[in-house]
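Chains, contacts and geometry: an overview
One letter stands for each residue in the lines below.
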Amino acid sequence: MRICGLVVLAVSALTLLAPPGIARAVEEGQFVKKEGRWEYSSSEDPGLKYLYLKGVISEEEYNKGLRTLETKERLAKPNFNIDVNNGLNIRVGDRFFLKMRLMVQTRYTYSTYNKAWGSIGDSRNEEILGGQVEFRAYRRQADSSQFLVPRARLQFMGYAFDPNFRYNVSLQMDSTPSNQEGSNGKAGLMDAYVSSWHIPWANIQVGQQKVWFNRALISPIATSSFSDNMIVQNMFASNLQNARDIGVSILSDEEQYKFNYAFGVWGGVGPNLGRDGTAVSQNVLPPTGGGGVNSGVTRTYNYDTRFMSGELMYTARLLYKIAGNPGYGWGDIVNSRTPQSAIGFGYAYDPAQNYLSSTRSDIVDPAYRQAVTKAMNGRLLGGGIYDFQTYETDFVFKYQGWSLHAEAYYRHQRVRNKDSGTQPFDLTTIPSSAIQGPPVDLGQAWGWYDQGGKYVIPRKLEVALRYGILDPSTKQQQDLTYEFGAALNYSFDGTYNNRLVIDYSNITMGSGGRAPAPFPFQSQPGFDSK
């Protein structure tokens, strides 16, 4: 069971003092309301006009005086506005806008585990330690009760110079229960991009941003009917680790068109990381003994040569709005009066992903391995160099407080090579099966989920159910994952800004199959309730 409070809070204090006694002129021919009556008012200054008509000043001096008065009026007249509306908003004329928003999610989680967790544990989605110790299966021998702030995020978004030239910079101070790298609560970059919305059918966004691929990860977590995403939703991210990546996307404005598209070119290794951080590199050293592998096996380290860093990820998404404009919020909090429905299709090609372990080849960025594991794709680590192709289709329907979401995924997991293999190197750098374990062919992966909800009290109380299945390795047996969830969420103000979410999840994980690296292993069925 999870109890989650999601709060968006913006507070401001504002005092504006206008200098007294400043006369404000109006344009010639303009009617001005004065004491409840409309009167015609000239924009000309009467004193300056009198001096000109009497010949005291020349026409040049008169025009100069008008310009001086107009300049003084513009400086005296406030050209900015501050208000609170779904965040703290600052506007300066029509050339600059800044919206600041804060999201804080505080959670209490109680989890129970059956005896299989205490004996077998999870040997397919390991804790990643970094360094030479690559994998560790973890076991649960007791229930857990935890308080956590899983999400704390600060967003700065708006436009500059032109309402169609937009920007978004977001910081995250998220936390995880394991805190393996000691990064809980530390600020990290989440979004950082600029965009041009001058052409509605060809908008351009450049920088670190959400990948427009699958509906579940496009939808804001702040609108979720549950406290977190399902395993199957996170597992089939375009880059196998995160909803975000660094690149450029071209997309249509879904507010204006019935048929929409989004194409993107990305680094393909997630946010805050470049390809060189995960590229294959080899430098063969003489055999070493001691506490590492035996002296008959040479070691490789991740320096000197870099290769396989020139390939990119490509994504495409098509969306057809069957009726209305359902958007990407999860529930129908607006209580739609007419049906809102859409269907979408997505494709992602992410080649040359270095999933070699530190014992097979060199060490890649530990944050990269951790992100892959956090998305429940840990069994792929140690399997070699992969080319991934992921397909998805999604459907959404909303009407009078009801909402229905469905999405299906299929991922082709092609092993390009089980070692670096792109240039000659000492074959003895590949450990024997006695150290690494025999090779494992995982095959492909697929999954789907359904989620439905109903606002039993319009704009206030929603009841939601969801169910999902995933098969992470079609060539392995007894490794399916089933997830069922039920949730109540209550909105205090009729928006997504201030909510209380209570949800229950039951997760059943088959223990068959395994990651390529851990050795030895067991294959007994295991179950988890959370």
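The structure contained in this document is the topic of the report that follows. (Residues numbered from 1 in each chain as written. Predicted model: local features only at pLDDT ≥ 70, side-chain atom pairs only at ≥ 80, totals over all residues. Heavy atoms only, no water.)

Structural notes on the pattern of salt bridges
Opposite charge on two side chains permits them to pair, given that their charged atoms come into close proximity. A complete count under the given rule lists 14 salt bridges for this structure. Between Arg107 and Asp228 there is a salt bridge, and its shortest N-O distance comes to 3.3 Å. Of this pair, Arg107 sits in strand β6 (residues 96-113) while Asp228 sits in the loop between α4 (215-218) and α5 (231-235), and the two are 121 residues apart along the sequence. What makes Arg107 buried here is its relative accessible area of 8%. With its nearest N and O atoms 2.8 Å apart, the salt bridge here joins Arg416 to Glu311. Placement of the pair is Arg416 in strand β20 (residues 402-417) and Glu311 in the loop between β16 (298-300) and β17 (313-323), with a sequence separation of 105 residues. Exposure remark for Arg416: the relative accessible area of 28% places this residue in the partly exposed category. (Salt bridge = Lys/Arg side-chain N within 4 Å of Asp/Glu carboxyl O. Helix = DSSP H or I, 4+ residues; strand = E, 2+ residues; numbered from the N terminus. Buried < 20%, exposed > 50% of the residue type's maximum accessible area, 1.4 Å probe, protein only.)

Points about unusual backbone geometry
The bulk of non-glycine residues show a negative phi, and the bulk of peptide bonds are trans. Not every positive phi belongs to a glycine, and Asn272 is a case in point at roughly 60°. With respect to the secondary-structure elements, Asn272 resides in the loop between β14 (259-266) and β15 (284-287). On the basis of relative accessibility, which here comes to 46%, the residue Asn272 falls in the partly exposed class. Of note, Asn335 is a non-glycine position whose phi angle comes to about 55°, a positive value. Mapped onto the elements of the fold, Asn335 is located in the loop between β17 and β18 (340-354).

As for the packing of aromatic side chains
Across all of its chains, the model carries 13 aromatic pairs by this definition. Ring centres of Tyr490 and Phe492 lie 5.3 Å apart, and the angle between their planes is 85°; on these two criteria the pair is classed as edge-to-face. Accessibility expressed as a relative area gives 33% for Tyr490, which makes it partly exposed. Using a relative accessible area of 51% as the deciding quantity, one classes Phe492 as exposed. An aromatic cluster is built from Tyr355, Tyr368, Tyr386 and Phe388, whose rings are joined through pairwise contacts. Arg466 extends its terminal NZ or CZ atom over the ring of Phe226, reaching a point 3.9 Å from the ring centre. (Phe/Tyr/Trp six-rings, centres within 6.5 Å; stacked < 30°, edge-to-face > 60°. Lys NZ or Arg CZ within 6 Å of the ring centre and 35° of its normal.)

A look at the pairing of β6
The pairing of strand β5 (residues 88-92) with β6 spans five bridges and is antiparallel. When the bridges of β6 are listed, Asn89 appears paired with Lys99. If you look at the hairpin formed by β5 and β6, you'll find three residues sitting between the two strands, and Gly93 has a positive phi there, around 55°. Here β6 pairs with strand β9 (residues 144-160) via 15 bridges, running antiparallel. Counted as the bridge partner of Phe97 is Tyr159 from β9. (Pairing = 2+ DSSP bridges.)

Section: a nonpolar patch on the surface
Taken together, the side chains of Phe161, Phe165, Val194, Ile204, Val206, Val248, Ile250, Val265, Leu312 and Tyr314 present a nonpolar region at the surface, about 800 Å² in accessible area. Within the residue set of the nonpolar patch, elements represented by two or more residues are β12 (203-210) and β13 (244-251). With respect to the helices and strands, the residue Val248 is situated in strand β13. (Patch = residues over 30% accessible without salt bridge, like charges linked within 9 Å, V, L, I, M, F, W, Y side chains within 5 Å. Areas by Shrake-Rupley, 256 points an atom, 1.4 Å probe, with all protein chains shown as cover.)

Quick look at the nonpolar core
Residues Val232, Phe236, Tyr409, Tyr449 and Leu470 are the most contacted members of the largest nonpolar core, which totals 17 residues. With three residues, α5 is the single largest residue contributor to this core. With residues up to four places along the chain from it excluded, the contact list for Leu470 reads Ile231, Val232, Met235, Phe236, Trp446, Gly447, Leu480 and Thr481. Within the second largest apolar cluster, eleven residues are counted, among which are Leu240, Tyr368, Phe388 and Leu442. (Core = buried A, V, L, I, M, F, W, Y, C linked by side-chain atoms within 4.5 Å. Contact = heavy atoms within 4.5 Å.)

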